[in-house]
Amino acid sequence: MIIALIIGLALFLNRPQVTLLALVFWNILFNNCSVSQNRLKISSEIIARKADHLIKILLRKFGSVKDIILNQNYDPYLKDFGESDWDLRKSQATRTILGQSLDL
C-alpha cells in the first residue's frame with residue numbers, strides 16, 4: 001500500500017492531469033463493477049422466484065386440465081405463464097450478459 005502511494009504521488013507530481021484522469025477512470029470502472037454485481041444478484045433472485053412461480057402454474061394447470069379443456073378457459077393460464085416466462089427469460093439474459101462482462 002505504501003509503495004502504491006509513493007508511485008501515485010510520483011505520478012501526480014510528474015503528470016497531474018494524466019494521474020487524475022487515470023484515477024477517474026478506475027473509479028468509474030470500480031463503480032460499474034459494483035453496480036453490475038448488485039444487478040446480477042437481483043437478477044438471480046428474480047430467476048429463482050419466477051422459476052418457482054412457473055412450476056406452480058404448470059402444476060395448477062395439470063391438476064385442472066379437464067376443467068380447462070371442458071370450459072376452454074386457457075387465457076388466464078396463458079397470460080400468467082407468459083408474463084412469468086418473459087420475466088424469467090429477461091432476468092436470465094441480464095445475468096448471462098453481466099456474468100460474462102464481469103469475467104473479463
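Just so it is clear, the structure is predicted and the values come from calculations on it, not from any experiment.

Rules and cut-offs
Residues numbered from 1 in each chain as written. Predicted model: local features only at pLDDT ≥ 70, side-chain atom pairs only at ≥ 80, totals over all residues. Heavy atoms only, no water. Helix = DSSP H or I, 4+ residues; strand = E, 2+ residues; numbered from the N terminus. Rg over C-alpha atoms; globule rule 2.2 N^0.38 Å. Buried < 20%, exposed > 50% of the residue type's maximum accessible area, 1.4 Å probe, protein only. Contact = heavy atoms within 4.5 Å. Areas by Shrake-Rupley, 256 points an atom, 1.4 Å probe, with all protein chains shown as cover. Lys, Arg positive; Asp, Glu negative; His and termini not counted. Charge placed at Lys NZ, Arg CZ, Asp CG, Glu CD. Patch = residues over 30% accessible without salt bridge, like charges linked within 9 Å, V, L, I, M, F, W, Y side chains within 5 Å. Salt bridge = Lys/Arg side-chain N within 4 Å of Asp/Glu carboxyl O. pLDDT = per-residue confidence, 0-100. Phe/Tyr/Trp six-rings, centres within 6.5 Å; stacked < 30°, edge-to-face > 60°. Axes fitted to C-alpha atoms, helices over the stretch in contact; angles between N-to-C directions. Parallel < 35°, antiparallel > 145°, perpendicular 65-115°, else oblique. Nonpolar A, V, L, I, M, F, W, Y, C, P; charged D, E, K, R; others polar. Polar contact = N/O pair within 3.5 Å; in protein donor to acceptor, adjacent residues only side chain to side chain.

### Observations regarding the overall build of the chain
At step 1: When helices and strands are counted, the chain shows four helices and zero strands.
At step 2: In the chain, the succession of α and β elements from N to C terminus is α-α-α-α.
At step 3: Computed over C-alpha atoms, the radius of gyration of the chain comes to 25 Å, more than 25% over the 13 Å expected from 2.2 N^0.38 for 104 residues, which places it beyond the range of a compact globule.
At step 4: For the chain, with 104 residues in total, the buried portion stands at 16%.
At step 5: Across the chain, the fraction of contacts at a sequence separation of at least 24, relative to all contacts at a separation of at least 6, is 70%.
At step 6: About 8,700 Å² of surface is accessible on the chain, with carbon and sulfur atoms providing 65% of the total.
At step 7: Across the chain, the centroid of the 13 positively charged side chains sits 5 Å from that of the 9 negatively charged ones.

### As for a nonpolar patch on the surface
At step 1: The grouping of Leu9, Phe12, Leu13, Leu20 and Leu23 at the surface amounts to a nonpolar patch, some 520 Å² of accessible area in total.
At step 2: Those elements giving two or more residues to the nonpolar patch turn out to be α1 (2-14) and α2 (16-63).
At step 3: Sorting elements by how many residues they give to the nonpolar patch places α1 first, with three residues.
At step 4: In this structure, Leu20 sits in helix α2.
At step 5: Judged by relative accessible area, Leu20 falls into the partly exposed class, the value being 44%.

### As for the confidence of the model for the chain
Close inspection of predicted coordinates is inappropriate for parts of the model with low pLDDT.
At step 1: Residues with a pLDDT of 70 or more make up 92% of the chain, whose mean pLDDT is 79.
At step 2: For the chain, the element scoring lowest by mean pLDDT is helix α3 (residues 65-71), at 69; α2 scores highest, at 81.

### Some points on the packing of aromatic side chains
At step 1: Applying the stated criterion across every chain yields a total of one aromatic pair.
At step 2: Measuring from centroid to centroid gives 5.5 Å for Phe25 and Trp26, while their planes differ by 70 degrees, and the two rings are edge-to-face.
At step 3: In this structure Trp26 comes out as exposed when scored by relative accessible area, which is 54%.

### Thoughts on the packing of α1 against α2
At step 1: Two elements in contact, α1 and α2, have axes whose closest approach is 5 Å; the angle formed by their N-to-C orientations is 130 degrees. One finds that α1 runs oblique with respect to α2. Contacts between α1 and α2 pair Gly8, Leu11, Phe12 and Asn14 from the former with Pro16, Thr19 and Leu20 from the latter.
At step 2: Here the contact of α1 with α2 is built from residues that sort into four nonpolar, three polar and no charged.

### What about the side chain of Thr94?
At step 1: In this fold, Thr94 is placed in helix α4 (residues 75-103).
At step 2: A distance of 3.0 Å separates a polar side-chain atom of Thr94 from the backbone oxygen of Lys90.

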